[in-house]
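One-letter residues, chain by chain:
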Amino acid sequence: MYGNVAAAQELGEASLKIKKAKRIQELTPYLFAEIDRRKNALEARGVDIISLGIGDPDLPTPPHIVEKLREAARNPVNHRYPDYEGLPAFRQAAASWYRTRFGVTLDPEREVVSLIGSKEGIAHMPIAFVDPGDVVLCPDPGYPVYAVGTGFCGGTVYRMPLRKENRFLPDLKAIPKEVARQASLMWLCYPNNPTSAVTTKEFFREAIDFAARSDIILCHDAAYSEIYFDGEKPPSFLEVDGARDVGIEFHSLSKTYNMTGWRVGFAVGNAELVAGLGKVKTNIDSGVFQAVQEAAVAALSGDQGCVEESRRILQQRRDLALQALDKVGLTAVKPRATFYVWVETPKGYGAADFATRVLEETGVVVTPGTGFGPSGEGYVRLSLTINGDRLTEALQRIQRMSL
């Protein structure tokens, strides 16, 4: 007995040498985790923080969706492992929603797969289709997970700059032929995070032609397709002929129905791409809680007036923000979609420096554009996901700064 205790003490005193994998050592801190760290440090000092950082909707999930979850959670059938590909009813609801919204007809069995939020699908896509050394074309600035997922698979990121002078669209003609030959996958995102830019079917046609010529899989992140303003509905890239031959589109209920914490989304498009992503998921995760999927069916197939109301509120906030920024002399790109405002930093300020000054002088969190890639230098992103009174206060604090 004594010997066992002594041995345990010896083991307890031993120092385990933990070596992190190279992919983790090379990973920069996740953008929003670092913002939270700084914010929490100020809050600990008693500063009243107003966050215009992460894009997490403050509006509540519509009541009929919540009620469906309550009902479905009471059913013991839903407490077991769900279907890996997603409940047939959920996949059918996603396909029906696409037909109603975009006029796109999908086979729910072969061309739709459920996701634990679109972030999960985006991160797993390279596992199915990117080998070590393959090039992945990523928008810059862009959602950090495009590059992170690529790196985890040993792929090489080629950044496609999004410039104001090009309406924040990548210049596909500027991609070197040698890079295109090595590329296996390309990411696009419209309406765009973080720039709030939208695009047209004409650009999607150009991207589809480029992908077909270069034998590249085109992945389109459409998480913000329903957060649009002034009645201008953004298109799906699947509306364009040839899209299904080369690509897959990712969608999330998080932004559309204020369901970020629910973790449910779906990917649609080319059947082989959907199957490849599905094969990864069957080996890595166990699917979305079935009660959440039933609630998602209620969201997709129910009255869409709740989405219209969210757009109305967010458009009011957009207009409020643009007026306030104009008064203080900050230049912003007028958002036609998303709940972000992409703001140019004052002359002489880098993105990180300006974000730090705003935080320290006003207690308002804004996101430095460089968190989304090198081409985000010279910008900060404001998120409109707080109520009108707090948004007004945040903007007033910024207006009091001497810029």
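Now for a description of the structure that goes with this document.

Calculation notes
- Just so you know, the residues in each chain are numbered from 1, in the order the chain's sequence is written.
- In view of the model being predicted, local features appear only for residues whose pLDDT reaches at least 70, and side-chain atom pairs are presented and counted only at 80 or more, with totals across whole chains, interfaces and linings using the full set of residues.
- Excluded from the side-chain calculations are hydrogens and water; all other atoms, namely the structure's heavy atoms, are used.
- Runs of E in the DSSP output that reach at least two residues are strands. Runs of H or I that reach at least four are helices, and both are numbered from the N terminus.
- Computation of the radius of gyration draws on C-alpha atoms, with the globule rule given as 2.2 Å multiplied by the number of residues to the power 0.38.
- Here the term buried applies to any residue with accessible area under 20% of the maximum for its type, exposed to any over 50%, and partly exposed to those in between, with areas from a 1.4 Å probe on protein chains only.
- For this analysis, residues touch if any pair of their heavy atoms sits within 4.5 Å.
- Every accessible area reported is derived by Shrake-Rupley at a probe size of 1.4 Å, with residue values counting cover from the shown protein chains alone.
- A helix's residues, less one, multiplied by 1.5 Å, set its expected span.
- Only strands that DSSP links by at least two bridges are regarded as paired with each other.
- Axis angles are defined between N-to-C directions and span 0 to 180 degrees, where every axis is a line fitted to C-alpha atoms and, for a helix, only to the segment in contact.
- Crossover handedness is defined by viewing with both strands directed away from the observer: a clockwise path from the first strand over the helix to the second marks the crossover as right-handed.
- Here, the term nonpolar core denotes a set of buried Ala, Val, Leu, Ile, Met, Phe, Trp, Tyr and Cys residues that are joined through side-chain atoms within 4.5 Å.
- Whether two aromatic rings pair depends on their centres lying within 6.5 Å, for rings of Phe, Tyr and Trp, where Trp uses its six-membered ring; planes under 30 degrees apart make the pair stacked, over 60 edge-to-face, and the rest tilted.
- Think of it as a cone above the ring: NZ of Lys or CZ of Arg counts as a charge over the ring if it is within 6 Å of the ring centre and within 35 degrees of the ring normal.
- Crossing handedness is defined as follows: a turn of the near helix away from the far one that is anticlockwise and smaller than a right angle gives a left-handed crossing, while the clockwise case is right-handed.
- Note on residue classes: Ala, Val, Leu, Ile, Met, Phe, Trp, Tyr, Cys and Pro are nonpolar, Asp, Glu, Lys and Arg are charged, and everything else, Gly too, is polar.
- For classification purposes, angles smaller than 35 degrees are called roughly parallel, those larger than 145 roughly antiparallel, those between 65 and 115 roughly perpendicular, and all remaining angles oblique.

**Overview of the overall build of the protein**
A tally of regular secondary structure across the protein gives 16 helices and 13 strands. A compact globule built from 403 residues would reach a C-alpha radius of gyration of about 22 Å, and the protein, at 23 Å, matches this within 12%. Residue burial in the protein is summarised as follows: out of 403 residues, 54% are buried. Contacts in the protein between residues at least 24 apart in sequence constitute 75% of all its contacts with a sequence separation of at least 6. Split by element, the accessible area of the protein, about 18800 Å² in all, is 50% carbon and sulfur.

**Regarding helix α6 (residues 118-129)**
Between its terminal C-alpha atoms α6 stretches 17 Å, which fits the 16 Å expected from 12 residues at 1.5 Å a residue. Along α6, the residues that are buried comprise S118, E120, G121, I122, H124, M125 and P126. In this fold, the buried residues of α6 make contact with β2 (112-115), α7 (144-152), β5 (183-189), β6 (217-221), β7 (247-252) and α12 (271-284).

**Things to note about the sheet that holds strand β13 (residues 379-383)**
The sheet built from 4 strands is open, its strands ordered β9-β10-β13-β12 with antiparallel pairing. A strand with exactly one partner marks an edge of an open sheet, and here the two such strands are β9 (332-333) and β12 (367-368). Sitting on the sheet, helix α14 (residues 305-328) touches β9, β10 (340-344) and β13, and the angle it makes with β10 is about 15°. On top of the sheet, helix α15 (residues 351-362) reaches β12 and β13; it is set at about 45° to β13, its chief contact.

**A look at the pairing of strand β4 (residues 156-161)**
Both strand β3 (residues 135-140) and β4 contribute to a ladder of 6 bridges, which runs parallel. Note on β4: the bridge partner recorded for L137 is Y158. The parallel pair β3 and β4, bridged by α7, forms a crossover whose chirality is right-handed.

**Comments concerning the nonpolar core**
Within the largest apolar cluster, 58 residues are counted, with the highest numbers of intra-cluster contacts made by L137 and F266. Among the secondary structure elements, those contributing two or more residues to this core are α5 (88-102), β3, α8 (177-182), β5, α9 (201-214), α10 (243-246), β8 (265-269) and α13 (290-301). Top element by residues in this core is α5. It accounts for 7 residues. Not counting residues up to four positions away in its chain, the partners in contact with L137 are Y158, M160, I175, V179, A183, L185, M186, W187, F210 and I216. One finds L322, L325, L384 and I398 within the second-largest nonpolar core, a separate group that totals 31 residues.

**Description of the sheet that holds β7**
Backbone-to-backbone hydrogen bonds pair the strands of a sheet. The strands run either parallel or antiparallel. The 7 strands lie next to each other as β2-β8-β7-β6-β5-β3-β4, forming an open sheet whose pairing is mixed. On the outer flanks of this sheet lie β2 and β4, each paired with one strand and no other. Going from strand to strand, the sheet's axes swing by 25° on average, the running direction of each strand aside. In terms of strand pairing, β7 meets β8 through 5 bridges, oriented antiparallel. The partner of H251 across the bridge, within β8, is F266. Of the strands in this sheet, β3, β4, β5 and β6 are in contact with α7, which crosses β3 at around 160°.

**Concerning the packing of aromatic side chains**
Considering all chains together, one arrives at 19 aromatic pairs under this definition. Aromatic side chains F168 and Y379 sit 6.3 Å apart centroid to centroid with 75° between the ring planes, which places their arrangement in the edge-to-face category. Of this pair, F168 sits in the loop between β4 and α8 while Y379 sits in strand β13, and the two are 211 residues apart along the sequence. Relative to Y340, the ring of F339 has its centre 5.0 Å away and its plane inclined at 75°; by these criteria the two rings are edge-to-face. Across the pair, exposure class does not vary: F339 and Y340 are buried alike. One aromatic cluster is present, built from ring pairs that chain together F90, W97, Y98, F102 and F266. Over the face of the ring belonging to Y340 we find R381, whose NZ or CZ atom lies 3.8 Å from the ring centre.

**Notes on the pairing of β2**
Residues of β2 alternate between two faces, with V112 and S114 on one and V113 and L115 on the opposite face, all of them buried. The sheet contact formed by β2 and β8 spans 4 bridges and is antiparallel. Its bridge partner lying in β8, S114 is registered against F266.

**Some details on the packing of helix α4 (residues 63-73) against α13**
When two helices pack together, you describe them by how their axes are tilted relative to each other and by the distance separating the axes. One can describe the packing of α4 onto α13 by two numbers: an axis separation of 8 Å at closest approach and a directional angle of 145°. The element α4 and its partner α13 pack so that their crossing is right-handed. Seen from α4, the contacting residues are H64, I65, K68, L69, A72 and A73; seen from α13, they are A291, V292, E294, A295, A298 and A299. For the contact of α4 with α13, the residue count by class is 9 nonpolar, 1 polar and 2 charged.

**Notes on the side chain of S184**
Its place among the elements puts S184 in strand β5. Using a relative accessible area of 13% as the deciding quantity, one classes S184 as buried. If we ignore the near neighbours within four places in the chain, the residues touching S184 are F129, V130, D134, V135, V136, I216 and I217.

**Examining the packing of α6 against α12**
Interhelical geometry of α6 versus α12 gives an angle of 100° and a closest axis separation of 9 Å. Here α6 is positioned roughly perpendicular relative to α12, judged by the angle of their axes. Residues E120, G121, H124, M125, I127, A128 and F129 of α6 form the contact with α12, whose participating residues are E272, L273, G276, L277, V280, K281 and I284. Tallied by class, residues from the contact of α6 with α12 come to 8 nonpolar, 3 polar and 3 charged.

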